[in-house]
Amino acid sequence: MANTPTIAISMGDPGGIGAEVIVKSLTDVGMRSRAHFHLYGSASALHDAADRAGIDAFWWSVPRGSDLLETARAHRVVLIDDDAPRGKGEPEHRWAHEATKAGGEASFRWVEMAIRAARAPEGHAAKADAVCTGPISKEAWALAGHARYPGHTELLANRFRAKRCAMMFVGPRLRVVLASVHVPLMDVRNVLTIGRVFDAIDLGAEACIGLGITHPRVAVCGLNPHAGEGGLLGDEETRLIEPAIKLAQ
């Protein structure tokens, strides 16, 4: 167990599906045997999801800030519980299943906690080798005052001081990198540049090599219908995308 990686998981919006996805995924004993999992989130949301799915709690729980995390290596799944302490006789907190300021603040804080775990020095009790994020509500983040980060991508890039970044989807046969992320459709024309397209190509190829594809083949999508038809249906292909391809070549 000492040599298995530790994965920090932020629960996502407490009123969303993150807790359910985490509970059902980690119910798999085979999955749990492959790593240690530190969950950053809410005990009430996690227990509620488990009860609804008919799953018995299988995690060890410690309060946020507790020194008990020092002994967590004996447990495969540890919840760092961020629920406010309850007084005697007080009912368990219930999260609203909608975008709320409280939910946005909580989910943002849990991502930050997971990021701090990834950046912790070797040997630290909370040190994580990877971060996995449950789904957030972008509306809730905005309600909580974090609108400058429309998603995980922008927050992670900022916290890890990445000069370049891209969102990548990885499947068994295809990997997809986006040239624009979390941008309204009507604004794409204003944010797309040669550099953005080039970065998507360059970072995508680099990531493929890292995934073991020695000589990746990169297909670049057009923006307009029929890839612009030589400028008849938009000039982004000839003005931005083709120059980026030539630069990448």
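Just above, that's the structure.
Residues numbered from 1 in each chain as written. Predicted model: local features only at pLDDT ≥ 70, side-chain atom pairs only at ≥ 80, totals over all residues. Heavy atoms only, no water.

Colleague: Honestly, the overall build of the protein in this entry has me stumped. Any pointers?
Modeller: Within the protein, the regular secondary structure consists of nine helices and seven strands. Viewed in the frame of its principal axes, the protein has a C-alpha envelope of about 70 × 40 × 35 Å. Residue burial in the protein is summarised as follows: out of 249 residues, 37% are buried. The contacts in the protein between residues at least 6 apart in sequence include a share of 65% that link residues at least 24 apart. Summed over its atoms, the accessible surface of the protein is roughly 14600 Å², and 55% of this surface lies on carbon and sulfur atoms. Distance between charge centres in the protein, computed from 28 positive and 29 negative side chains, equals 4 Å. (Helix = DSSP H or I, 4+ residues; strand = E, 2+ residues; numbered from the N terminus. Buried < 20%, exposed > 50% of the residue type's maximum accessible area, 1.4 Å probe, protein only. Contact = heavy atoms within 4.5 Å. Areas by Shrake-Rupley, 256 points an atom, 1.4 Å probe, with all protein chains shown as cover. Lys, Arg positive; Asp, Glu negative; His and termini not counted. Charge placed at Lys NZ, Arg CZ, Asp CG, Glu CD.)

Colleague: Looking at this model, I keep getting lost on the pattern of salt bridges. Mind explaining?
Modeller: Here the idea is simple: oppositely charged side chains can pair when their charged atoms come close. One pass over the full model with this rule turns up eleven salt bridges. In this structure, aspartate 82 engages arginine 64 in a salt bridge whose closest nitrogen and oxygen atoms are separated by 2.3 Å. Note that aspartate 82 is positioned in the loop between strand 4 (77-81) and helix 4 (101-119) and arginine 64 in the loop between strand 3 (60-63) and strand 4, a separation of 18 residues in sequence. The closest approach of N and O atoms between aspartate 235 and arginine 239, which form a salt bridge, is 3.2 Å. If you follow the salt bridges from partner to partner, you end up with Arg189, Asp235, Glu236 and Arg239 in one network. (Salt bridge = Lys/Arg side-chain N within 4 Å of Asp/Glu carboxyl O.)

Colleague: Just checking my understanding: could you explain the packing of aromatic side chains for this structure?
Modeller: A ring pair, where both rings are aromatic, is described by two values, the distance of the centres and the angle of the planes. The tally for this structure, following the rule as stated, stands at four aromatic pairs. Cation over ring: arginine 32 sits above phenylalanine 58, and NZ or CZ is 4.7 Å from the ring centre. Just above the ring of phenylalanine 160 sits the side chain of arginine 119; from NZ or CZ to the centre is 6.0 Å. (Phe/Tyr/Trp six-rings, centres within 6.5 Å; stacked < 30°, edge-to-face > 60°. Lys NZ or Arg CZ within 6 Å of the ring centre and 35° of its normal.)

Colleague: Where do I start with the sheet that holds strand 3 in this structure?
Modeller: Either a parallel or an antiparallel arrangement is found when strands of a sheet pair, and the pairing is made through backbone hydrogen bonds. The strand order 3-4-2-1-5 describes an open sheet built from five strands, whose pairing is parallel. Bordering the open sheet on either side are strand 3 and strand 5 (130-133), each of which pairs with just one other strand. Within this sheet the neighbouring strands show an average axis-to-axis angle of 25°, counted without direction. Summarising the sheet, strand 3 and strand 4 pair through four bridges and their orientation is parallel. Paired with valine 62 across the two strands is isoleucine 80, which belongs to strand 4. (Pairing = 2+ DSSP bridges. Axes fitted to C-alpha atoms, helices over the stretch in contact; angles between N-to-C directions.)

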